[in-house]
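Summary of the model geometry
Residues per chain, in single letters:
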Amino acid sequence: METLLCAIGFVLVLEGFLPFIAPDFWKRAVRESTRIPSEKIRIIGFGSVVLGLVVVWSTMLFF
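All figures in this text were calculated on a predicted structure; none of them were measured in a lab.

1. Some thoughts on the pattern of salt bridges
The final tally for this structure, using the stated rule, is three salt bridges. Between D24 and K27 there is a salt bridge whose closest N-O contact spans 4.0 Å. In this pair, D24 and K27 are both assigned in helix α2 (residues 23-33), three residues apart and thus about one turn of the helix distant. Accessibility expressed as a relative area gives 46% for K27, which makes it partly exposed. Residues E32 and R35 are paired through a salt bridge, measuring 3.3 Å at the closest nitrogen-oxygen approach.

Below is the structure:
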């Protein structure tokens, strides 16, 4: 449970970094992302999930 909470905290740190450092760029990027078709966003999300699972699995396997 500690590892899960640590991972969630780390994700929050990474997600909050760009809006904290460059809020105008972040707002512009979010606005531009609305122009991307939903199917492409879905594919990117799926790829992120698969990559994340591979990283977690390989971490557990090798460490």
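2. Some thoughts on the packing of helix α1 (residues 2-21) against α2
For the pair α1 and α2, interaxial distance at closest approach is 5 Å and the crossing angle is 115°. On the basis of the axis angle, α1 is roughly perpendicular to α2. Residue-level contacts link L18, P19, F20 and I21 of α1 to P23, F25 and W26 of α2. The residue inventory of the contact of α1 with α2, partitioned by class, reads seven nonpolar, no polar and no charged.

What counts, and where the lines are drawn
- Residues numbered from 1 in each chain as written.
- Predicted model: local features only at pLDDT ≥ 70, side-chain atom pairs only at ≥ 80, totals over all residues.
- Heavy atoms only, no water.
- Salt bridge = Lys/Arg side-chain N within 4 Å of Asp/Glu carboxyl O.
- Helix = DSSP H or I, 4+ residues; strand = E, 2+ residues; numbered from the N terminus.
- Buried < 20%, exposed > 50% of the residue type's maximum accessible area, 1.4 Å probe, protein only.
- Axes fitted to C-alpha atoms, helices over the stretch in contact; angles between N-to-C directions.
- Parallel < 35°, antiparallel > 145°, perpendicular 65-115°, else oblique.
- Contact = heavy atoms within 4.5 Å.
- Nonpolar A, V, L, I, M, F, W, Y, C, P; charged D, E, K, R; others polar.

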